[in-house]
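Residues per chain are reported as follows:
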Amino acid sequence: MATSASGTTHRRPAVGGRARTAIAALGGVLATLVGMAVGHLVASLLDPSASPVLAVGSTVIDLTPTPVKEWAVSNFGNADKPILIGSVLLVTLLLAAVAGIIAARRFVVGLALLLVLVGVAGVLALVRPTATIVDLVPALATAVTGAAALWWFHRTALGVGPGTTPAAADAPREATTQDTEGAGATDHPTGPRPTRRGVLVAGGVLAATAAAAGAVGQWIGSVKTRIGNIVLPTAVDSDPDLPDGLDIDGLSKFRTPNEEFYRVDVNLTVPVVDQDDWTLTIDGDVENELTITWDELLDMDMVERDITMTCVSNDVGGQYVGAARWLGVPLTDLLERAGVGDRADQLLSTAVDGFTISTPLDVVTDGRDALVVVGMNGEPLPREHGFPVRLVIPGIYGYVGSTKWLTKLTLTTYDQEVAYWTERGWATQAPVKISSRVDVPKAAEEKEPGTVVIAGVAWAQTRGIAKVEVQIDGGGWTEATLGADAGVDYWRQWYYEWDATESGRHTVTVRATDVDGEVQTDARMAPFPEGSSGLHTRAIQIA
Ligand SMILES: Nc1nc2c(c(=O)[nH]1)N[C@H]1C(S)=C(S)[C@@H](COP(=O)(O)O)O[C@H]1N2
Ligand SMILES: [Mo]
């Protein structure tokens, strides 16, 4: 390729081959990273969820069809959010690379592509239910810095862009007389040859800027989201102190520490609510619509209850279950204040971000401990778990009762209102199914012959667990020993000492029976649309 048709050799190889394209792509990527990092930083000051990448990610979450969501949740578990953000980033950066390459040929066109990308993010930030016009600012910051960075990189590293000669920028063939770098005979538009130094300087500066802006944004975000000093009231009525749980290595702790409690929600950024700005409105079919503040809520009588919470997306043997002590006001006390009318059959709860959950009204009022919660395991609710106020309703899956970042309760009917997940095909009635799980031995763990401890947890909220049985290699069912009982809404630990004599691969299966005598079914069902069923089996390797 170094020889032209006339047979003369260029003084130097044509610029603009692979190296030039790669550098141009790098410029697009770096400029976009700088723009996004600055947008993130600006968003951390104004409204974290308006950060361009997150705005795109949130929209992807809402538009993703339910089966795909299900698949992601069951395959990625709690990593689903990082994976989603990663995918959005990857696609964005690929497009950014294309924009960079185009910009090296026709700067304005490449720049336009970059701005279209930012524009999409800006629009998505604006159409979220809680968005205000201020949420456009992070996208604007991204657009301005991204454009400036692209221009500067392409000028410094490639010698193209506005402010360089048209020859360099658009490189029509006839302009090559100005191009002393001798690229005139090449079949692609050219600018001056990129110098190693220019590329290094431009690349280094942009990468450092992106890293710094991103880090500062993260830091501001973490400082702003720290929960200040809050003194929670003492409960007027508490469950007895939690009995000691079984302490077996690898077995779920009897009480799940807040940091280890599973998290499931549609939010890419945790809503940040100041308790002093928070209010709870009760409206709809009520005698007196009312709005109460944080201080008014804290003045009400609180109770403390041990309740196990489960996500409907928890597959057999899954990790979306946790047990905690919750401090809150009985939901019925608040509903009594408002005076519920006789038309309502649904309690629609709304979160600060507009997310909705519908709960059958008869479930709320059947005497179970439905709570408007402010405390979790003796601390204010962590932001991830709904600070300042959430619902916890035992015996139904989280998506029909455990609204986090709660701000409104509406007494309505199923004819009138459809909540977020119901709209996506999930069941309206969703009692938690009797479930049990093997925690130890861990999957694929090898054990020595002799006594092998098999242990796990079982739950059947509102009914309680009466019995857990294990089955080895498809044989008969043997009763396991149950751990302490902390009430019908709480899970129970269990263990079984198996005398393993034969080496090789064995299987253990577990099933639970609730206090009413109902035995956990072995009929396998997927989580959609009303919760998984079937028995958990684990393979055990005996050496
Ligand atoms: N505002 C809000 N509340 C929500 C959700 C949500 O996406 N947004 N997800 C629900 C679901 S599906 C579950 S299982 C529980 C999980 O609560 P946790 O994250 O505290 O474990 O919260 C529920 N409350
Ligand atoms: Mo859930």
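Preceding block: the structure.
Since the model is a prediction, treat every value here as computed from it, not as a measurement. Note on numbering: residues in each chain are counted from 1, in written sequence order. Starting at A for chains and at 1 for ligands, labels are handed out in the order in which the entities are written. Where local features are concerned, this predicted model is filtered to residues with pLDDT of at least 70; where side-chain atom pairs are given and counted, the filter is 80 or more; whole-chain, interface and lining totals use all residues. The basis for the side-chain values is all heavy atoms of the structure; hydrogens and waters are excluded.

**A word on the sheet that holds strand β14 (residues 450-459)**
Judged by pairing direction, the sheet is antiparallel, and its 4 strands sit side by side in the order β12-β14-β18-β17 without closing on themselves. At either end of the open sheet lies a strand with only one pairing partner, and these are β12 (435-440) and β17 (481-482). Paired strands, in this sense, are two strands between which DSSP finds at least two bridges. Only runs of H or I of at least four residues qualify as helices and only runs of E of at least two qualify as strands under DSSP, and these elements are numbered from the N terminus. As paired elements, β14 and strand β18 (residues 492-500) share 9 bridges and run antiparallel to each other. Paired with Ile 454 across the strands is Tyr 496, a residue of β18.

**Considering helix α8 (residues 196-224)**
The first and last C-alpha atoms of α8 sit 42 Å apart over 29 residues, in line with the 42 Å expected at 1.5 Å per residue. Residue exposure (1.4 Å probe, protein chains only): buried if accessible area is under 20% of the type maximum, exposed if over 50%, otherwise partly exposed. All buried positions along α8 are accounted for by Gly 198, Val 199, Ala 202, Gly 203, Leu 206, Ala 210, Ala 213, Gly 214, Gly 217, Ile 220 and Gly 221. Expected span of a helix: the number of residues minus one, times 1.5 Å.

**Let's talk about the side chain of Asp 489**
By the element assignment, Asp 489 lies in the loop between β17 and β18. Charge assignment: positive for Lys and Arg, negative for Asp and Glu; neither His nor the chain ends contribute. For this document, the term salt bridge refers to a Lys or Arg side-chain nitrogen within 4 Å of an Asp or Glu carboxyl oxygen. Buried charged residue Asp 489 carries no salt bridge. Nearest counter-charge: Arg 368, at 6.8 Å. For Asp 489, the side chain forms a polar contact with the main-chain nitrogen of Thr 462, separated by 3.0 Å. The residues contacting Asp 489, other than those within four sequence positions of it, are Asp 306, Ile 307, Thr 308, Asp 369, Pro 394, Gln 461 and Thr 462. The definition of a polar contact used here is a pair of N or O atoms within 3.5 Å, where within protein one atom must be able to donate a hydrogen and the other to accept one, and adjacent residues in sequence count solely through side-chain atom pairs. In this analysis, two residues are considered to be in contact whenever any of their non-hydrogen atoms come within 4.5 Å of each other.

**Notes on the pattern of salt bridges**
Per the stated rule, a full pass over the model turns up 20 salt bridges. Of the charged contacts, one joins Asp 47 and Arg 128 as a salt bridge, the two residues approaching to 3.7 Å between their closest N and O atoms. Of the two residues, Asp 47 sits in the loop between α1 (18-46) and α2 (52-63) while Arg 128 sits in the loop between α5 (107-127) and α6 (137-158), which places them 81 residues apart along the sequence. Given a relative accessible area of 14%, Arg 128 falls into the buried group. The closest approach of N and O atoms between Arg 305 and Asp 239, which form a salt bridge, is 3.5 Å. Of this pair, Arg 305 sits in strand β4 (residues 303-310) while Asp 239 is found in the loop between β1 (237-238) and β2 (279-284), placing the two residues 66 residues apart along the sequence. According to the relative accessible area criterion, Arg 305 is buried, its value standing at 11%. Overlapping salt bridges, with partners in common, bring together Lys 81, Arg 263, Asp 265 and Lys 404 in one network.

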